[in-house]
Amino acid sequence: GRPASRRRELLGAQRWEPPGEFVQELSSSLLSEWVSGNCGALLHHGTLGVAAHGSLVARYCVLLKDRFKAYALPLDALHRRRPQFVISISDLNGVDHLNNGILLHTTSRTWSFQARSPAELGTWMQHLLPLVATRQASEVVSEQPVALGGAARPYQPTPRAMGKAPGAVTSRGVAAPRAPRGVGRASA
């Protein structure tokens, strides 16, 4: 529908920068001390653009093992101000990436975020994907062992995922990679 195409358009935007006050707070020594003091609880933190009402708005995002929080300004987290929104990891159904964008699919909606660079996107995905995989694996009811594809590897966005190929495609959720053509298929 129309909202999904607008979301893709926003996530395909080139570069964006947070406003001056936001950047000042990011470089604050108070924020650095807060991050250092919470390093055990914080899986990742940083600036993401949030798609809101047809534009990208800078938010300071904090990823914990059970929650993803987005604050209007970085020091809001330090001062324990109410976040703009909180996404419970237990509500996540999947994670997609498109260009420099991240789509978090929950039971009630899809949240759209944009990283400022492919490197930032990769770092966020490295932290988000294991949380979703662990949550999904814990929900599997089976007598058979669950294989999650072996050792974790760093997330490497493909040229297609970064929008360098026409018709960039995303993968819904955390799925095992497909076997190359002809592998694992019966021949005629």
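Refer to the structure presented above.
Reading guide: rules and limits
- Residues numbered from 1 in each chain as written.
- Predicted model: local features only at pLDDT ≥ 70, side-chain atom pairs only at ≥ 80, totals over all residues.
- Heavy atoms only, no water.
- Helix = DSSP H or I, 4+ residues; strand = E, 2+ residues; numbered from the N terminus.
- Buried < 20%, exposed > 50% of the residue type's maximum accessible area, 1.4 Å probe, protein only.
- Contact = heavy atoms within 4.5 Å.
- Areas by Shrake-Rupley, 256 points an atom, 1.4 Å probe, with all protein chains shown as cover.
- Pairing = 2+ DSSP bridges.
- Axes fitted to C-alpha atoms, helices over the stretch in contact; angles between N-to-C directions.
- Core = buried A, V, L, I, M, F, W, Y, C linked by side-chain atoms within 4.5 Å.
- Salt bridge = Lys/Arg side-chain N within 4 Å of Asp/Glu carboxyl O.

### Looking at the overall build of the chain
So, step 1. Along its length, the chain carries 5 helices and 7 strands.
So, step 2. Counted from the first residue to the last, the chain has its helices and strands arranged as α-α-α-β-β-β-α-β-β-β-β-α.
So, step 3. With 188 residues in all, the chain has 37% of them scored as buried.
So, step 4. Here the contacts in the chain between residues at least 6 apart in sequence split such that 55% fall between residues at least 24 apart.
So, step 5. In the form shown here, the chain has an accessible surface area of approximately 11,600 Å², with 52% of it arising from carbon and sulfur atoms.

### Description of the pairing of strand β3 (residues 67–71)
So, step 1. Among the 5 residues that make up β3, 4 are buried, leaving the element largely enclosed by the rest of the structure.
So, step 2. Between strand β2 (residues 55–63) and β3, which pair antiparallel in sequence order, lie 3 residues.
So, step 3. The pairing of β3 with strand β4 (residues 85–88) spans 4 bridges and is classified as antiparallel. Paired with A70 across the strands is F85, a residue of β4.

### Examining the sheet that holds strand β5 (residues 92–98)
So, step 1. Within the open sheet, the 7 strands sit side by side as β4-β3-β2-β1-β7-β6-β5. Their pairing is antiparallel. One side of each edge strand has no neighbouring strand; the edge strands of this open sheet are β4 and β5. Neighbour-to-neighbour, the strand axes of the sheet open up by a mean angle of 30°, direction not taken into account.
So, step 2. Here 2 bridges tie strand β1 (residues 44–52) to strand β7 (residues 110–114), and the two strands are oriented antiparallel to one another. Within β7, the position partnered with V50 by the bridge is F113.

### Some points on the nonpolar core
So, step 1. Grouped together as the largest cluster of nonpolar side chains are 22 residues, with contacts concentrated most on F68, I102, L104 and F113.
So, step 2. Going through the elements one at a time, β1, β2, β3, β4, β5, β6 (101–106), β7 and α5 (118–139) are the ones with two or more residues in this core.
So, step 3. F22, L31, L42 and L75 belong to the second largest nonpolar core, which has 13 residues in total.

### Let's talk about the pattern of salt bridges
So, step 1. If you walk through the whole model with that rule in mind, you get 3 salt bridges.
So, step 2. Between D66 and R67 there is a salt bridge; the shortest N-O distance is 2.8 Å.
So, step 3. Its relative accessible area of 38% is what places D66 among the partly exposed residues.
So, step 4. Taking relative accessible area as the criterion, R67 reaches 29% and is therefore assigned partly exposed.

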